[in-house]
Amino acid sequence: MNAPVTSFDAVSVTLLPPVARFNLRIDPKDLSAAASAFGLTLPTKIGEGAQNGDRAAYCMGPDEWLLHAAESDQQAIVSAFDKVRATTPHSLVVISDRELTLSIKGPAAAELLSVGCPIDLSRLPIGGAKRTVFDYAQVVLIRDAEEAFRLEVWRSYMPHVQGILEIATREFAAGY
Amino acid sequence: MLLIHCPYCDDTLPELEFAYAGEAHIVRPEDPSKLSDEEWRDFLFIRTNVKGVHAERWRHINGCGRFFNALRDTVSDRFLTTYKAGEARPDMTQLEAAE
Ligand SMILES: [Zn+2]
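Calculation criteria
Along each chain, residues carry numbers from 1 onward, in the same order as the chain's sequence is written. Note on labels: chains are lettered from A, ligands numbered from 1, in written order. Per-residue local features are limited, in this predicted model, to residues with pLDDT of at least 70; the limit for side-chain atom pairs, both in listing and counting, is 80 or more; totals at the level of whole chains, interfaces and linings are taken over all residues. To get the side-chain values, all heavy atoms of the structure are used, and hydrogens and water are removed first. Think of it this way: DSSP has to see at least two bridges between two strands before they count as a pair. Note on conventions: DSSP H or I runs of at least 4 residues are helices, E runs of at least 2 residues are strands, and numbering of each starts at the N terminus. Each residue's exposure class comes from its accessible area (1.4 Å probe, protein chains only) as a fraction of the maximum for that residue type: buried when under 20%, exposed when over 50%, partly exposed otherwise. Counting of polar contacts relies on pairs of N or O atoms within 3.5 Å, with two restrictions inside protein: one atom must be capable of donating a hydrogen and the other of accepting it, and residues adjacent in sequence are counted only when both atoms are side-chain atoms. Contacts are assigned to residue pairs with any non-hydrogen atoms lying within 4.5 Å of each other. Donor selection uses N, O and S atoms within 2.8 Å of the metal (3.2 Å for Na, K and Ca). Since no water is included, sites may look incomplete. Four donors are marked tetrahedral only if all angles between them lie between 85 and 135 degrees, whereas four are marked square planar and six octahedral if opposite donors are more than 155 degrees apart and the other angles lie between 65 and 115; the remainder are marked irregular. Here a cavity denotes a set of grid points, spaced 1 Å apart and computed over the protein atoms alone, in which a 1.4 Å probe fits but from which it cannot get out, and a pocket denotes an open set meeting protein on both sides within 12 Å along at least five of seven lines; residues with an atom within 4 Å of a point are reported as lining. Grid points are joined across faces, edges and corners, and a volume is the space filled by probe spheres set on the points. Under the grouping applied here, Gly and all other residues not named as nonpolar or charged are polar, the nonpolar ones being Ala, Val, Leu, Ile, Met, Phe, Trp, Tyr, Cys and Pro and the charged ones Asp, Glu, Lys and Arg. To obtain an axis, a line is fitted to C-alpha atoms, over the contacting stretch when the element is a helix, and the angle between two such axes runs from 0 to 180 degrees between their N-to-C directions. Helix crossings are classified by the rotation of the near helix relative to the far one: an anticlockwise turn of less than a right angle makes the crossing left-handed, while a clockwise turn makes it right-handed.

Undergrad: Give me the pairing of strand E6 (residues 79–84) of chain B: which residues, what numbers.
TA: A regular strand places its side chains so that they alternate between the two faces of the sheet. All names here are of chain B. Of the pairings in the sheet, the one linking strand E5 (residues 67–73) to E6 comprises five bridges and is antiparallel in character. Each residue of the ladder has a partner; that of alanine 70, found in E6, is threonine 82. Connecting E5 to the next strand, E6, in antiparallel fashion are five residues, including aspartate 77 with a positive phi near 65°.

Undergrad: Residue-level account of the side chain of Gln138(A), with values.
TA: When you line up the elements, Gln138(A) lands in strand E10 (residues 137–145). Gln138(A) sits in the buried class, given a relative accessible area of 19%. A polar atom in the side chain of Gln138(A) sits 2.8 Å from the side chain of Asn62(B). For Gln138(A), the residues in contact, after removing those within four places along its chain, are Arg131(A), Thr132(A), Val133(A), Trp154(A), Tyr157(A), Ile61(B) and Asn62(B).

Undergrad: Quick one: what's the story with the coordination of the zinc ion, residue by residue and with numbers?
TA: Residues and elements named next belong to chain B. Only Cys6 (SG), Cys9 (SG), His60 (ND1) and Cys64 (SG) from the protein reach the zinc ion as donors, at distances of 2.0 to 2.4 Å. Geometry at the zinc ion is tetrahedral, judged from its four donor atoms and the angles of 104 to 115° they form at the metal. Donor residues binding the zinc ion come from one chain and are separated in sequence as C-x2-C-x50-H-x3-C. Of this pair, cysteine 9 sits in the loop between strand E1 (3–6) and strand E2 (11–14) while histidine 60 is found in the loop between strand E4 (53–59) and E5, placing the two residues 51 residues apart along the sequence. Assessed through its relative accessible area of 10%, cysteine 9 is described here as buried.

Undergrad: Tell me about the pairing of E10(A), residues and numbers included.
TA: Residues and elements named next belong to chain A. Taking burial as the measure, the nine residues of E10 include seven buried ones, the bulk of the element. Sheet topology places strand E9 (residues 129–134) next to E10; six bridges connect them, and they run antiparallel. Bridging from a neighbouring strand, threonine 132 pairs with valine 139 of E10. Linking E9 to E10, which pair antiparallel, is a turn of two residues; within it aspartate 135 sits at a positive phi near 45°. Note that E10 and strand E11 (residues 148–154) share six bridges and pair antiparallel. Counted as the bridge partner of isoleucine 142 is arginine 150 from E11.

Undergrad: Which residues make up the layout of surface pockets, and what values do they have?
TA: The calculated volume of the largest pocket comes to roughly 350 Å³. Arg123(A), Leu124(A), Pro125(A), Lys130(A) and Asp11(B) are the residues nearest the centre of the largest pocket, which is lined by 19 residues in total. Sorting the residues of the lining of the largest pocket by element identifies E9 of chain A together with E2 of chain B as the ones contributing at least two each. Ranked by the residues each element gives to the lining of the largest pocket, the list is headed by E2(B), at four residues. For the lining of the largest pocket, the per-class residue count stands at ten nonpolar, two polar and seven charged. Roughly 160 Å³ of internal volume is contained in the second largest pocket. Along the wall of the second largest pocket there are 14 residues; nearest its centre are Val19(A), Gln51(A), Asp54(A), His68(A) and Arg150(A).

Undergrad: Outline the environment of Phe81(A), supporting the account with residue identities and numerical values.
TA: When you line up the elements, Phe81(A) lands in helix H2 (residues 74–85). Separated by 43 residues in sequence, Phe81(A) and Phe38(A) have C-alpha atoms that sit 7.6 Å apart.

Undergrad: Kindly report on the packing of helix H1 (residues 31–38) of chain A against H2(A), identifying the contributing residues and their values.
TA: Residue and element names in this part refer to chain A. Viewed as axis vectors pointing N to C, H1 and H2 meet at an angle of 145°, and their least axial separation amounts to 9 Å. With respect to the hand of their crossing, H1 and H2 are arranged in right-handed fashion. Of the residues in H2, those touching H1 at Ala34, Ala37 and Phe38 are Ile77, Ala80 and Phe81. Within the contact of H1 with H2, the residues separate by chemical class into six nonpolar, no polar and no charged.

Undergrad: Provide a residue-level description of empty space enclosed by the protein, including the pertinent values.
TA: All names here are of chain A. By the definition in use, this model includes two cavities of 30 Å³ or more. Roughly 90 Å³ of volume is contained in the largest cavity. Looking at the largest cavity, the residues that line it are Asn23, Met60, Glu64, Leu66, Ile95, Arg98, Glu99, Arg131, Gln138, Val139, Val140 and Trp154. Of all elements in the fold, only strand E6 (64–69) and E10 reach the threshold of two or more residues within the lining of the largest cavity. Per-element accounting of the lining of the largest cavity gives the leading share, three residues, to E10. Within the lining of the largest cavity, the residues separate by chemical class into six nonpolar, two polar and four charged. In this structure, the second largest cavity spans a volume of roughly 40 Å³. At the level of secondary structure, the elements contributing two or more residues to the lining of the second largest cavity comprise strand E5 (55–61) and E9. Take the lining of the second largest cavity: its biggest share by element is three residues, from E9.

Structure, rendered in structure tokens:
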């Protein structure tokens with residue numbers, strides 16, 4: 001699962017190991033309840049992220065967050081949110097298996113992504129994330145460092161996205 | 001490509017992230033059964049189809065997911081402003097004065 005899909009000096013594209021992934025919908029005024037259940041203060045501005053160890057939260061919409069955690073913590077997190085549901089209405093959906101994550105790293109990472117992403121990647125802050133499109137497939141794009149991105153892609157779109165990234169990487173390697 | 005400002009994300013983003021959703025500020029009748037067939041037809045199908053400034057719904061479908069409203073000039077395709085769902089249609093004279 002961890003073998004490089006394709007790489008050359010300037011950029012590598014790698015399929016990452018699975019993580020526990022959740023979609024959380026909750027009233028922003030109840031965020032403290034979610035923070036105590038998840039063990040991490042959730043960011044409040046769309047596009048922002050927060051991270052602590054293997055827990056991460058990204059604000060996707062006015063009342064929507066994407067949560068990441070270690071795969072082995074999935075059930076414990078579901079139980080923790082179950083406990084606050086009676087007093088704090090919310091929806092927590094496990095979406096771990098819905099998506100696969102690609103790591104895209106290297107000096108040409110942003111340029112490679114620009115093959116399919118219409119947004120201005122220079123404006124995506126480090127540590128932030130954004131739902132957007134990659135050649136018409138809806139994706140979540142996370143920026144971990146200046147030259148390191150993660151691309152979360154729904155399983156059924158993955159062959160399409162991977163295929164484009166492979167072709168583009170070959171073109172980059174050939175000097176186009 | 002058009003760039004559209006999402007009032008929820010407070011960011012100006014490519015059209016590819018958005019979906020058009022028809023004319024804005026069309027209020028569903030409180031009691032449809034009290035309407036004549038002609039009034040119901042008008043509610044369902046009859047739109048202003050303006051040449052000029054058009055108030056219309058958009059959805060940031062590949063982003064925050066929210067519906068919002070926009071004023072767009074149907075002649076030039078220029079977006080004059082966007083505003084959150086539920087807010088009143090902005091006053092055009094104020095917009096022009098601000099420019
Ligand atoms: Zn938005």
